[in-house]
Amino acid sequence: MEISGAKIIVTGGSDGYGKGIAKMLKAAGAQVWITGRNGAKLQAAASELGVDYLVADVTNPDDWDRVFAATGCPDVLVNNAGAGGKIAPVAEQSDEDIIRTININLTGTILGCRRAAAMMCKRGSGMIINISSVCALYAWPAWSVYTAAKAGLAKFSHGLYTELRPYGVRVSCVTPSWGQTNFNNAAQICGASEDPEMAKKCTAPEELGAIICQLIGQPDHLAVPDITIQPMIQDISPM
């Protein structure tokens, strides 16, 4: 796919990975819309990047309808919106904590994919990129609910790939690990957020954005169903 001139939606685009992805796509010549719940923050990011924006909550079906009504059928949908939720043992979480984490990291993405898939299949082209997490691949205490959501997203992406492939629509699941984002501080990840030198060696939002550009730019007859990005500074043992 030619990125220049492509119509691309990036959810959760006001900061972190989403902002970095939008920045690199814009630099490559794409027509970019970013979405997010915080209107002021979203507007500031859009102004800085020179992209369009739409205030929208991915967990709200009506908001998804507004997004696609405003943009039409995108060439690419990047489902980046997500949050760690409450990082604590499941026994210490409320029902509301659990539902909120699943909704923002899994259900919301599925709602967007349903709408994008219908339009892209009718047109016979397009690409959906779902941003998962290394937590989908491994297990750590206190991350079980978030892990369930992101692992569900990965397997959903595989299923969606099989459904959309006959229509010429590609689906990729991108799985990043430690990054230079606010997620580390919000989730209180020890080490990565506390040591400035260590943080510099984590994945920068623009670096992930460059990888997304490379995925989109692959020949239309090739697909990359899965890709994992892991900084060398992070020790995951055993793998």
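Residues numbered from 1 in each chain as written. Predicted model: local features only at pLDDT ≥ 70, side-chain atom pairs only at ≥ 80, totals over all residues. Heavy atoms only, no water.

Comments concerning the sheet that holds strand β4 (residues 76-79)
Consider a sheet: its strands pair through backbone hydrogen bonds, and that pairing is either parallel or antiparallel. Spatial ordering of the open sheet is given by β3-β2-β1-β4-β5-β6-β7, a layout of seven strands whose pairing is parallel. Every interior strand has two partners, whereas the edge strands, β3 (52-55) and β7 (226-229), have only one. Between one strand axis and the next, the sheet turns by 15° as a mean value, whatever way the strands run. With three bridges joining them, strand β1 (residues 7-11) and β4 adopt parallel strand pairing. Following the sheet pairing, V10 is matched in β4 by V78. Contacts between helix α3 (residues 61-71) and the sheet are confined to β1, β2 (31-36), β3 and β4, with β1 contributing the most and set at about 155° to the helix. (Pairing = 2+ DSSP bridges. Helix = DSSP H or I, 4+ residues; strand = E, 2+ residues; numbered from the N terminus. Axes fitted to C-alpha atoms, helices over the stretch in contact; angles between N-to-C directions. Contact = heavy atoms within 4.5 Å.)

A word on the environment of E2
Locating E2 in the fold gives a position in the segment before β1. A relative accessible area of 58% places E2 in the exposed class. For the pair formed by E2 and P219, sequence separation is 217 residues and the distance between their alpha carbons is 9.1 Å. (Buried < 20%, exposed > 50% of the residue type's maximum accessible area, 1.4 Å probe, protein only.)

Some thoughts on the packing of aromatic side chains
Scanning the entire structure with this criterion turns up three aromatic pairs. On the numbers, 5.9 Å between centres and 55° between planes, the contact of Y138 with W140 is tilted. Classification of Y138 by relative accessible area gives buried; the value is 18%. The exposure class assigned to W140 is partly exposed, which follows from its relative accessible area of 32%. Pairing W143 with Y146 gives two aromatic rings, centres 5.6 Å apart and planes at 70°, and the pair type is edge-to-face. There is no split in this pair, since W143 and Y146 are both buried. (Phe/Tyr/Trp six-rings, centres within 6.5 Å; stacked < 30°, edge-to-face > 60°.)

What about the nonpolar core?
Ranked by size, the top nonpolar core spans 29 residues in total, and within it I8, L25, I34, I129 and I216 carry the most contacts. Elements represented by at least two residues in this core include exactly β1, α1 (16-27), β2, α2 (39-49), β4, β5 (126-131) and α8 (205-216). The leading source of residues in this core is α8, at six residues. Beyond its immediate stretch of four places on either side in the chain, L25 contacts I3, I8, V10, A30, V32, C213 and I216. I9, V58, C73 and L160 belong to the second largest nonpolar core, which has 23 residues in total. (Core = buried A, V, L, I, M, F, W, Y, C linked by side-chain atoms within 4.5 Å.)

Concerning the pairing of β1
With four of five residues buried, β1 lies mostly within the body of the structure. Sheet topology note: the β1/β2 ladder contains five bridges and is parallel. Within β2, the position partnered with V10 by the bridge is I34. Once the chain exits β1 it traverses α1 before rejoining the sheet at β2, and the crossover so formed is right-handed. (Right-handed = clockwise from strand over helix to strand, strands pointing away.)

With respect to the packing of α3 against helix α4 (residues 95-123)
Running from amino to carboxyl end, α3 crosses α4 at an angle of 35°, the nearest separation of the two axes being 10 Å. Considering only the axes of α3 and α4, their crossing is right-handed. Residues P61, W64, D65 and F68 of α3 form the contact with α4, whose own contacting residues are G108, L111, G112, R115, A116 and M119. (Left-handed = near helix turned anticlockwise from the far one by under 90°.)

Geometry only, nothing functional implied.
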